[in-house]
8 protein chains.
Amino acid sequence: MNVREILIKLQLGEIDVDNAVKLLSKTSVADLSHTRLDFDRTQRTGFGEVVFAKGKTTQQLIDIFSEFERRGENVLATRVSEESAKALSEKFTNLLYCEIAKTIILNSRKQAEQTGLVAIVSAGTSDMSVAEETRITAEFFGSRTKCFYDCGVAGLHRLIANIEEIRKANVVVAIAGMEGALASVLAGLVKVPVIAVPTSVGYGANFEGLSALLSMINSCANGVSVVNIDNGYGAGYISSIINKQVK
Amino acid sequence: MNVREILIKLQLGEIDVDNAVKLLSKTSVADLSHTRLDFDRTQRTGFGEVVFAKGKTTQQLIDIFSEFERRGENVLATRVSEESAKALSEKFTNLLYCEIAKTIILNSRKQAEQTGLVAIVSAGTSDMSVAEETRITAEFFGSRTKCFYDCGVAGLHRLIANIEEIRKANVVVAIAGMEGALASVLAGLVKVPVIAVPTSVGYGANFEGLSALLSMINSCANGVSVVNIDNGYGAGYISSIINKQVK
Amino acid sequence: MNVREILIKLQLGEIDVDNAVKLLSKTSVADLSHTRLDFDRTQRTGFGEVVFAKGKTTQQLIDIFSEFERRGENVLATRVSEESAKALSEKFTNLLYCEIAKTIILNSRKQAEQTGLVAIVSAGTSDMSVAEETRITAEFFGSRTKCFYDCGVAGLHRLIANIEEIRKANVVVAIAGMEGALASVLAGLVKVPVIAVPTSVGYGANFEGLSALLSMINSCANGVSVVNIDNGYGAGYISSIINKQVK
Amino acid sequence: MNVREILIKLQLGEIDVDNAVKLLSKTSVADLSHTRLDFDRTQRTGFGEVVFAKGKTTQQLIDIFSEFERRGENVLATRVSEESAKALSEKFTNLLYCEIAKTIILNSRKQAEQTGLVAIVSAGTSDMSVAEETRITAEFFGSRTKCFYDCGVAGLHRLIANIEEIRKANVVVAIAGMEGALASVLAGLVKVPVIAVPTSVGYGANFEGLSALLSMINSCANGVSVVNIDNGYGAGYISSIINKQVK
Amino acid sequence: MNVREILIKLQLGEIDVDNAVKLLSKTSVADLSHTRLDFDRTQRTGFGEVVFAKGKTTQQLIDIFSEFERRGENVLATRVSEESAKALSEKFTNLLYCEIAKTIILNSRKQAEQTGLVAIVSAGTSDMSVAEETRITAEFFGSRTKCFYDCGVAGLHRLIANIEEIRKANVVVAIAGMEGALASVLAGLVKVPVIAVPTSVGYGANFEGLSALLSMINSCANGVSVVNIDNGYGAGYISSIINKQVK
Amino acid sequence: MNVREILIKLQLGEIDVDNAVKLLSKTSVADLSHTRLDFDRTQRTGFGEVVFAKGKTTQQLIDIFSEFERRGENVLATRVSEESAKALSEKFTNLLYCEIAKTIILNSRKQAEQTGLVAIVSAGTSDMSVAEETRITAEFFGSRTKCFYDCGVAGLHRLIANIEEIRKANVVVAIAGMEGALASVLAGLVKVPVIAVPTSVGYGANFEGLSALLSMINSCANGVSVVNIDNGYGAGYISSIINKQVK
Amino acid sequence: MNVREILIKLQLGEIDVDNAVKLLSKTSVADLSHTRLDFDRTQRTGFGEVVFAKGKTTQQLIDIFSEFERRGENVLATRVSEESAKALSEKFTNLLYCEIAKTIILNSRKQAEQTGLVAIVSAGTSDMSVAEETRITAEFFGSRTKCFYDCGVAGLHRLIANIEEIRKANVVVAIAGMEGALASVLAGLVKVPVIAVPTSVGYGANFEGLSALLSMINSCANGVSVVNIDNGYGAGYISSIINKQVK
Amino acid sequence: MNVREILIKLQLGEIDVDNAVKLLSKTSVADLSHTRLDFDRTQRTGFGEVVFAKGKTTQQLIDIFSEFERRGENVLATRVSEESAKALSEKFTNLLYCEIAKTIILNSRKQAEQTGLVAIVSAGTSDMSVAEETRITAEFFGSRTKCFYDCGVAGLHRLIANIEEIRKANVVVAIAGMEGALASVLAGLVKVPVIAVPTSVGYGANFEGLSALLSMINSCANGVSVVNIDNGYGAGYISSIINKQVK
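Residues numbered from 1 in each chain as written. Chains lettered and ligands numbered in written order. Predicted model: local features only at pLDDT ≥ 70, side-chain atom pairs only at ≥ 80, totals over all residues. Heavy atoms only, no water.

## Considerations on the overall build of chain A
The helix and strand tally for chain A stands at 10 helices and 9 strands. Buried positions account for 65% of the 247 residues belonging to chain A. At a minimum sequence separation of 6, the contacts of chain A that also span at least 24 residues come to 70%. In the structure as shown, chain A presents an accessible area of about 8400 Å², 51% of it carried by carbon and sulfur atoms. (Helix = DSSP H or I, 4+ residues; strand = E, 2+ residues; numbered from the N terminus. Buried < 20%, exposed > 50% of the residue type's maximum accessible area, 1.4 Å probe, protein only. Contact = heavy atoms within 4.5 Å. Areas by Shrake-Rupley, 256 points an atom, 1.4 Å probe, with all protein chains shown as cover.)

Structure representation (C-alpha cells):
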C-alpha cells in the first residue's frame, strides 16, 4: 500500500488512526513490483496475510515470503505447486508445508492461539485435499478444529457414530463431491451454521463439481450456505470468523 | 396394428403364433384414425395398456377408452387434464380418477392381483403427485406397494423410523426434488435396487429438477439408477417389472 | 411425529428425555393427515416452526395454523399466495401478513425478544421482496435487523454512506440480482460473515438468477457464502443462528 | 470400522448380532490410517468389497489388498492406473487384471458361483472399456453374463440377429455413447429391466457424454433407468442385484 | 424492395436482367410500411413467398396477403395464431388453413405440380404439428410427400413395416422429441439423406428439445443433418430443394 | 439522496462543490419513500434521469414523474407496461409514449439538441421493439440517430444497399436474434465501433437469446462489443456516450 | 458379419439375394476378433468402407486394412493418429495419408470417378483440418469438390469474389468456428442445400464449438442443416449423397 | 488479395480508387499459399495488420513476417507460442516480444504516435496477461494507455485511490475474472464507455470465465459493453477506435 491508499482506507473507516500511523511508517517497503501486500490486515487481526499462489512464479513467492519474514509477520499460501514448495523450503526455515492441502505457512512469529471449535466433515478420502485446506486455514485464523473424514451418507453409521462430537462445534463445514448429500444430512442433525463445500470429486455428469454445487445450493435443510467448488480456503475463512465471534 | 405390423412382430419374436392369431382376428377395429393401439401387450401381460394423455384431446381419449371398454381391456391414462378427467368420468362408469396423480384407470375387467412389494419413499409433500403416479402405475402392473411420504433427509429420524418396513420391499423408489439426497441415503440403508426419481420441486438453482437429477445420477451409493424428472410413471413401470421377477 | 419417530430422535440425540416426555404427551394431535408437524423444534428453541406454503392448499394451511394456535405456538409461513393469505386473515386474529415478502406469522404467544444485529443490504428496489423475507425470518428467530435497500454498486456512494452502520452487525446479508457484485464489494468492507442471496431480478442472460449465483459463488472477497436464488428465508435463518451465537 | 460404528450399524439394523460379534473380533486391524474398510459387507453377502482406485496411491492400494488377503477376502478394484496395476501384480499372486476395464480382482478365496443372466449390449468398440467394467462387476457379485458388443442402432441387423439371446437375460445393460439410441431400441424389444449406461464416447456436441445421458433419461420406451456417464461399475452392481433376486 | 436493392441483387448475381426489369416495374407497391416483400423469389422459382407470422399483427398479415393476392402470387404463412387465421379466413377466399400445422396458404394461382418424393417420418402423435408443417412446406415448394406418423423406435415393428415405402423417397425427414433416436435408426436403414428435426415433445430433462437436438447432432449413423428444434418449415424447405434436384 | 450521500459523492469526486450546493438545497424533496432519485445526474449532464419501470407499480411511477415535473426535469422510463402507460398519459401532458419500445418520455423542459450520428441496424421486424428502445434512448441522451431495419444477413443486398449511409455514423448498433450474424458482417464493413445487441427473437435452440449472445461475443470481426440480450437501453446509452465524445 | 446377420439384412431388405450370396461366401474371414466389417456396403455402393480410427489401436487398424487389401476393397480411415499413420504407411503401399485432415485412404482398387460438384467453403485457416476431412470424404464417395478457404464473413469481399463459382455446386458445405455466421450468409446467396459444420475453432465463450453450433442451428436463412462440431466426415458424406442424386 | 477481391472491395466501398491502384500494384506478392494478407488495411489506417498466431505454424509466421518486412509494414501477432517467439526472434531484428501478453510486434517502420488515453484497469495479478494484450493492442493502434493493475473490488481503497487518474481517459477497459464485479463498480464511477473483458481466472464454478462473462453482461451500471473471455486484443482494438475518434 502506498500513502494514498492508506489515507483512503482511513477515510473509508477500514483502519483507525493508530493503524494508519503504523502503516505509513512502513510504506517504503510494502510495495513489491509485482504485488501489493496488505500488511494492515495482519496488524489489525494478529493472524497474518494469505497468498493465493496459483499463477505466481516461485520467485514472486520468495519475494513475498521474504518481505513477511523481514517484518516478522506470518503468512499462509494456498495452492502452492510442488516445485514452488520445494524452492521455498530450501530458502526459509520456519515453514510448514502440507503436501495434501498444497499449503505453506511461514511462521515468522508464534501463531495465534486456537479457540472455539470448527468441525470439518468430509464425505470421502478423495475430498481430503479440500478438507485439509479448510482445516489449515481455520487454524491459521485462530480456530480450533476437529476433522471427521470419510463420513459420506452412503454409510450413515459413520456419520451417526460421530454426531455427538460434531455437535460440539460452533460451525460445521461439510465437504463432499458427487451428489453432495452430506450437507443436507448434516444440517438436519446439528443446530449451528453449516458451510458447504462442493468438490470436483467424481466423474461423468458431476461436470467438475456442478452436481455437488447445485445439490448443496438447493439443500432442503435449514442453515446451509455454500462456497465455490473446491474452495477449502473460503470455507476455512468464513467458518473461522463465525467461530471466533462466539463468546 | 395392421396385418403387416402383426406379422413383423411375429418375425421379430415379440409375439408368438397364438397371439398373432388373436391379433389378426381384431385388426379391423384396432386402428383409430389418430392412434394405433397395441392390444397385444394387454394380451400378453394381462395388465392392460397405458396412454400418455398429455397432448391428446378429450375426444381422442374418449375414443381410446371406448375401444378398450368394447374389448373388455383395462387401460391406465397418465397426465390427464382436469377437463378431460371430467368428461371421461361422465362417459364411463368403471373409472378410477386420481386428482393428485392426474391418472385415470378404466377397469373393464378385474385388475391383476398385486404381489411382491415396491416401497415408494418421497422427500416432501410437494413430491406427492409424482409419488402417487408411481404407486398407481406399479399397482396397475400387478405390484403391491407401500408408501412412505415426507421422509426427506433433513429430518433423518423420519426415514430411520420406517427403515425396517422399507427393507421388506423387493425394490425401492426414491422420489425427491431440491438436492435429491434421499436416493443416496436410502441406497446406503437397503440391499435392493433403488430407482430414483428427481422431481421439479424447488426453485432458483434447481433449474426445474436439474439439481435433483444430477445429484441422483452422481450418487455415491451403490445400487441406484435414475429415470427422468417427474417421471413417476417410468419408475412405477420399471420397479414393477423388477418386483414381479422376484420369486 | 409419532411415538416411533420421537424415540428415534431421542436415540439420535436430537432431543433429550424431557423433550421426549413432552412430545409423547402430544402425539395424538400432531399428525395432520397431510403434514407431520415438528413441534419439538418449537419446544427446544422457543421460536416456532416454519411452513413453506407453496404447493399447499389453503385448507391445509388453515389446518396447520389451527393446530399451532391450539397449542399456543407461533408459526411463520413463507411464499403464501394472495388467496391463501386472505382466507387465513379471515380465520385467525393474531396474524401478521406481509404482502411484499409473501409471509404470514401467527403469533399465538409473544414473539421472542430480538437481540444482536443482522444487517440486510439489497441492491435494488426489485430485490425488496427477497430482502423482506430475510428480515421477517431473522426477526422471527429472535434477531434484531436493520435494512439498507437500494444500495447497488452502480452508485457506490449509497453503500459507503451506510457502511458505518452496516459494520455494527454480527452478520451481513447481501441481496442482489443482475451481476450480484454487491456481495464482493460488501465483503471487502466488513469483517463479519456475509451471506449472499442471488435474486432472479434481471432479464436476458441473467437466466433467472444464474448470473448472480455464479458471481457470488466466485466472489474474490473473503468471508462470503451463498444460498439459493431468491432464498430470503434461508439467508434469514442462517444469519440469525450466526447472530444468536454471538454473545 | 471401529467399535462405535459397528454398534450403530447393529442399531440401524444393517447387521445382525452374529455379524456384530464377528466384526468386533476384528476391529483392531480393519482401520488402515487412510481408509476404513467395510468387511461386514463381505461377511453378509459372500461377494467381497469394491475399491474405487482413482485418487488412491499405489501404496494405499497395496495396504488395502494386503489387509483383504490377510483376512482371506476377495476384493475388486476399479479404475486402476496402469502403474498401480503393475505394482500390485508384482506383489500379489491371485490377481486378475483387466487392462481394458482397468479392474483388478484379488481372489483370496474362491469367487461366488455365477447364476442367472445379465445381458450386456454395447453400441461400439469404443464402449468396450465401460462394458467390460460392467461385466467384471456383475460377475464379481455372482451373476452370469453374456456380452453383445458392437450392436449400435445404425446397423439394426446386428441387434436383431442377437435379440433372441438377449431376451434370455433377467436384466439388460445397454451401453452407448454419441446419441445413446441403443437403450430405447433395446427396451422396445425386451420385457425385462434395461439399465442404461451413457458413455463419453464421441466428440463435439456430445459434451463428454451429456448427449447420451439426456437421450437415455428421456427414453420413449418403457423400462429404462440410467446410471452415470461411463459408470460401468454402477450398472454391473445394480443389474447384478436385480438378477440375483430372480429365483 | 426498392430500386437500389434490386440493382444490388443484380450486381450480386442473385437475379438476372429480366427479373430486374420485372421487379423494377413493381417497386412502387412492394414496400408495405412494415415489411419488405421479396417478390422476385416468387418470380424466379414459381413457388411463392413464405411469411413467418409469429410476431406479426393480424392487420400486418392482411396487408401482406392483400399484396400477394393483388399480384396474383401464392404465399405460405407459418406459425399463424388461431385469431389471425380466423380473420384471414373471413377476408380471403382461396385460403387453405391447417389448424394442426398452424399454416395458411393463399393460392392466388395454381400451386406448382408436386414431383419426386419426400418421406416424412415422425415418432409420436405429439410430433404431428411439426410433421404437418414439414409436409405442407415441402408440398408448397413442389415436392410430393408421404407421411409415416407414430413410428417411434420403442415399437420397432411399426418402422420396419413401412421401411420399403420409406426407401422410395429421395430424402427422408425424421421428426422426434424425447431422445430423438428415430433419426439414427432411420439413417441406418435408408441410403438417401436424412434431415432430422428435434421436437420439444417431452418433459423434465428434455429441456424443451435439447435432448433430441443433441441426440440427433451426435447420431452414430451416416447421412444425418439437423435443423432447429420444432423447425418443421426448415426441414420441409431443405428436403424439398434436395428432392427437386433429383432427376 | 440525503445529505450524507451528497457529501460522499463530493468526496468520491463524482460531483463538484457547485453541484453539491444545488443538491443540498433540494434534499428535503428528493427522497420518495420507495425510490431514491439521483437528480444530480440531470444537473451534470443536462439530459435527465432514466427509470426502469418493470417491477414498479403505476403509483410509484406517478410519484416519480410528479417529482421530476415539479423540478422541471426530463425523464425517460423504459419497459413501461401498457397499463402504467395509460395511467401516466391521463395524468401528465408532456408525455411521449412509444408502444413498440414500451418507453415513455416526460419532457418537463426542452430536450437536448441531437448531434453526431448513431446508426441502428436490425435484422428483422421482430427486433423492432429492441431497436426502438435503442433509438429513443440514444436520442434522449442527445444523439442523432438513423435506423436501418430488416437488414438481416440472409438477404445481403438489403445491408449492402444501405452500407454507405451506415458508414456515416460515429458508432453502429447491430441488433439481431436467431444466429446474430449481423454484428460480424457489419463490423467487417465499417470502421467505427459496433455495439451488438442479441435479441430473444427465435425459438428452439436459441434458448431465449443465448445463441445470438454467444454468436456476437465470439465475433470473428474486429471492433464488436456486446450488451445483454434485448438490452436496447444499454446499447442506446453506450453508443450515445461514444457518439457524443466525437467532436 | 456372420451368417445370421446376413440373413437378417436380407429380411430387412437392406441387401438383395445376390449380395447375400456374395456375403455368405466370405463369412469365414470378415469377422476380426475386435471388429465386424460391413463389406456389403462396399459391394452395394462401389465406394468402400469407412473406419473411425480414434480409439482403435494401431494393430487393429493394420488388421482391418489387411482384410480390405486381401479382398481388394478400398477403405477410408478418419481421425488417424500420427503414430498409427506412420505404422500403416510402412506396412501398405497404396496409401494416401493427409496429415492436415488426419485421414488415410487405402486404394486396393481404382477409386470411383468423381462427378457433380460439392463446394466446400471455410471461414478461416484454422478450420482447414475439418474442411479437408470433408473434401477427402466427399471425393472418396465419388463427388467432385472445389474448396474456398479463408472466406469468413468479416471480409465479405472474399466470399463475394467467389460466389459465382460456389453457385455452380449441387450442394455447399459451410465450415466455420467462432460465431459461425458463414452458414447464414452463404445460404442467403445460393439456391442449393447448405450443410453447415460448426468447428471448435475459437476460445472463451465459444465453449468448444457450442457458439457456432447454436448459431448455425438458428440460422435465419433458408436451406441450412447442421452436423456435429468438427464433423467434417459427416458433412462430406451427406453432401456427397445429395450431390450424387443430382442427375 | 487477388485482383478480383480488390475490385469487389472497391465496389463495396471498402477502399477508394487510390488504394485500389496501390493494391493492384502489389497483387503478385500478397498471396502466401497458406494465408491471404490484407495489406490495404495497413495502407488505409497507417497502423498495420494483426495476426492471430494460435493455430499457425512457426514457418507460416516467418513467411508472414517476412512479407510484412519486405513491404516495410508493421505487424502485431497475438497468442504467439514460446517456441514460435524464439524462432521469430532469431530471424528478425526489429521485434518486440512480450512474454506475459504473448504478443510480438514487428516494427518495419516507426509506430504511429500514441494519442488520447485508454485506461486499463484489472482486478488481480493473474489478469495481467490479458491486460497486457489490451495495452499492447491499443498502443499498436495509436492510443496512449495507462494501466491500473490489481484493483479488484475486494479492496475498494485501491480503486478509489486511482479513480481521479482513471477519469482522465476517453474509454476505460475493465478486466476481471472470478465474479467480474469490477466492470459494474467502475462504470458507476466514470462517465466514459467501459469495455469489459471477462477472464478465465478462477476455478470451480467460474467455468472457464462464464461467471465473469455473465456478470459483466448483466451489469447494473450504465455504459458497459463486453467482449469475449480473455479477449484482450478485442478490448484493445475497440477501445482504441473509440479513443481515436475523440477530438
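## A few points about the interface of chain A and chain C
It is common to give the size of an interface as the accessible area lost on bringing the parts into contact. With 35 residues of chain A at the interface, the matching set in chain C holds 35 residues. Summed over both partners, the interface of chain A with chain C comes to about 2800 Å²; 57% of that surface belongs to carbon and sulfur atoms. On the chain A side of the interface with chain C, the three residues burying the most area are A:Ile217, A:Asn222 and A:Gln245, jointly 21% of the side's total. Counting every contact that joins chain A to chain C gives 0 salt bridges. Our count for the contact surface shared by chain A and chain C stands at 8 residue pairs in polar contact (both at pLDDT 80 or more). Only helix 3 (39-45), helix 7 (156-166), helix 8 (182-189), strand 8 (194-198), helix 9 (210-217), strand 9 (224-226) and helix 10 (232-245) of chain A provide two or more residues apiece to the side of chain A that touches chain C. (Buried area = accessible area lost by both parts, 1.4 Å probe. Salt bridge = Lys/Arg side-chain N within 4 Å of Asp/Glu carboxyl O. Polar contact = N/O pair within 3.5 Å; in protein donor to acceptor, adjacent residues only side chain to side chain.)

## Looking at the interface of chain G and chain F
In this assembly, 24 residues from chain G lie in contact with 24 residues from chain F. When chain G packs against chain F, close to 1900 Å² is buried across both sides, 72% of that on carbon and sulfur atoms. At the junction of chain G and chain F, the tally comes to 0 salt bridges. Elements that contribute at least two residues to the side of chain G that touches chain F include exactly helix 8 (156-166), helix 9 (182-187) and helix 10 (210-217) of chain G. Looking at the side of chain G that touches chain F element by element, the count peaks at 5 residues for helix 10 of chain G.

## Re unusual backbone geometry
In this model, F:Met178 sits at a positive phi of 45°, which is unusual for a non-glycine residue. Of the residues examined, F:Met178 reaches a relative accessible area of 23% and is grouped as partly exposed.

## Considering the side chain of D:Asn206
Examined against the element boundaries, D:Asn206 turns out to sit in the loop between strand 8 (194-198) and helix 10 (210-217). What makes D:Asn206 buried here is its relative accessible area of 3%. One polar contact links the side chain of D:Asn206 to the main-chain carbonyl oxygen of D:Ser200, over a distance of 3.3 Å. Of note is the side chain of D:Asn206, whose polar atom sits 3.3 Å from the backbone oxygen of D:Val201. If we skip the residues at most four places from it in the chain, D:Asn206 touches D:Ser200, D:Val201, D:Ser211 and E:Asn218.

## What to know about the relation of the copies chain G and chain F
The two copies are related by a screw motion: chain G maps onto chain F through a turn of 180° and a shift of 0.0 Å along the axis, at an RMSD of 0.0 Å. Taken together, the rotation and translation relating the two chain copies correspond to the operation of a two-fold axis. Measuring from the rotation axis to each C-alpha of chain G, the shortest distance belongs to G:Ala181, at 2.4 Å. A shared interface surface links the copies, since 100% of the contact residues of chain G are contact residues in chain F too. (Least-squares fit on C-alpha atoms with pLDDT ≥ 70 in both.)

## So, the relation of the copies chain A and chain C
Least-squares fitting of chain A to chain C yields an RMSD of 0.0 Å, with the superposition described by an axial translation of 0.0 Å and a rotation of 180°. Of the residues that chain A buries at the interface, 100% are likewise interface residues in chain C, meaning the two copies contact each other through the same surface.

## Remarks on the environment of E:Gly13
Structurally, E:Gly13 is set in the loop between helix 1 (3-11) and helix 2 (17-24). Given a relative accessible area of 30%, E:Gly13 falls into the partly exposed group. Sequence-distant contacts of E:Gly13, defined by excluding residues within four places in its chain, comprise G:Glu164 and G:Arg167.

## A short note on the confidence of the model for chain A
Per-residue confidence for chain A gives a mean pLDDT of 88; residues scoring 70 or more make up 88%. Confidence estimates for the predicted assembly give a pTM of 0.91 and an ipTM of 0.88. (pLDDT = per-residue confidence, 0-100.)

## Points about the sheet that holds strand 2 (residues 75-78) of chain B
Residues and elements named next belong to chain B. One open sheet accounts for 4 strands, arranged 1-2-4-3; its pairing is mixed. Looking along the sheet, the strands with just one partner apiece sit at the ends: strand 1 (49-52) and strand 3 (95-98). Along the sheet, successive strands turn relative to each other by an average axial angle of 15°, direction set aside. Inspection of the sheet shows strand 2 paired to strand 4 (residues 103-106) by 3 bridges, in the antiparallel sense. Paired with Ala 77 across the strands is Ile 104, a residue of strand 4. (Pairing = 2+ DSSP bridges. Axes fitted to C-alpha atoms, helices over the stretch in contact; angles between N-to-C directions.)

## Details of the pairing of strand 2 (residues 75-78) of chain A
All names here are of chain A. Where burial is concerned, the two faces of strand 2 agree: the one with Val 75 and Ala 77 and the one with Leu 76 and Thr 78 are both buried. Two elements, strand 1 (residues 49-52) and strand 2, share 4 bridges in a ladder whose sense is parallel. Bridge pairing links Val 51 to Ala 77 in strand 2. Read as a crossover between parallel neighbours, the route from strand 1 over helix 4 (residues 58-71) to strand 2 is right-handed. (Right-handed = clockwise from strand over helix to strand, strands pointing away.)

## Observations concerning a nonpolar patch on the surface
All names here are of chain A. Where nonpolar side chains cluster on the molecular surface, the patch consists of Leu 7, Leu 10 and Val 17 and spans about 240 Å² of accessible area. Mapped onto the fold, Val 17 is located in helix 2 (residues 17-24). Among the residues examined, Val 17 registers a relative accessible area of 54% and is labelled exposed. (Patch = residues over 30% accessible without salt bridge, like charges linked within 9 Å, V, L, I, M, F, W, Y side chains within 5 Å.)

## Thoughts on the packing of helix 8 (residues 156-166) of chain C against helix 9 (residues 182-189) of chain C
All names here are of chain C. Between helix 8 and helix 9, the shortest axis-to-axis distance is 11 Å and the interhelical angle comes to 45°. By the angle between their directions, the pair helix 8 and helix 9 is classed as oblique. Crossing handedness for the pair helix 8 and helix 9: right-handed. Each of Leu 156, Leu 159, Ile 163 and Ile 166 in helix 8 lies in contact with helix 9, whose residues at this interface are Leu 182, Val 185, Leu 186 and Leu 189. Grouping the constituent residues of the contact of helix 8 with helix 9 by class yields 8 nonpolar, no polar and no charged. (Parallel < 35°, antiparallel > 145°, perpendicular 65-115°, else oblique. Left-handed = near helix turned anticlockwise from the far one by under 90°. Nonpolar A, V, L, I, M, F, W, Y, C, P; charged D, E, K, R; others polar.)

## Focus on the pattern of salt bridges
Counted by the stated rule, this structure contains 76 salt bridges over all chains. Between D:Glu73 and D:Arg109 there is a salt bridge; the shortest N-O distance is 3.3 Å. Note that D:Glu73 is positioned in the loop between helix 5 (58-71) and strand 2 (75-78) and D:Arg109 in the loop between strand 4 (103-106) and strand 5 (115-122), a separation of 36 residues in sequence. Through salt bridges with shared partners, one network takes in A:Glu67, A:Arg70 and A:Arg71.

## Considerations on a negative patch on the surface
A contiguous patch of negative charge on the surface is contributed by A:Glu208, D:Glu208, G:Glu208 and H:Glu208. Along the chain, the position of H:Glu208 falls in the loop between strand 8 (194-198) and helix 10 (210-217). (Lys, Arg positive; Asp, Glu negative; His and termini not counted. Charge placed at Lys NZ, Arg CZ, Asp CG, Glu CD.)

## Some words on the domain arrangement of chain A
Residue and element names in this part refer to chain A. Split by domain assignment, chain A resolves into domain 1 (30-106) and domain 2 (115-245). Distance between the C-alpha centres of domain 1 and domain 2: 26 Å. On the side of domain 2, 14 residues touch domain 1, which itself brings 15 residues to the contact. For the pair domain 1 and domain 2, the summed buried surface comes to about 1200 Å²; carbon and sulfur atoms form 71% of the total. (Domains from an automatic or database assignment.)

## As for the packing of aromatic side chains
Inspection of every chain in the model, using the stated rule, returns 40 aromatic pairs over all chains. Among the aromatic residues, those joined into a ring-pair cluster are A:Phe140, A:Phe141, A:Tyr233 and A:Tyr237. (Phe/Tyr/Trp six-rings, centres within 6.5 Å; stacked < 30°, edge-to-face > 60°.)

## Points about the sheet that holds strand 1 (residues 49-52) of chain E
Residues and elements named next belong to chain E. Spatially, 1-2-4-3 is the arrangement adopted by the 4 strands of the open sheet, whose pairing is mixed. Each of the sheet's edge strands pairs with one partner strand only, and the pair in question is strand 1 and strand 3 (95-98). Averaged over all pairs of adjacent strands, the angle between their axes in this sheet comes to 15°, without regard to strand direction. Against the sheet, helix 5 (residues 58-71) engages strand 1, strand 2 (75-78), strand 3 and strand 4 (103-106), with an angle of about 30° to strand 4.

## Let's talk about helix 11 (residues 232-245) of chain E
All names here are of chain E. The end-to-end C-alpha separation of helix 11 is 20 Å, in line with the 20 Å expected for 14 residues at 1.5 Å each. When you tally the buried positions in helix 11, you get 13 out of 14 residues, the bulk of the element. Of the residues trailing helix 11, Lys 247 is marked for its positive phi of about 65°. (Expected span 1.5 Å × (residues − 1).)

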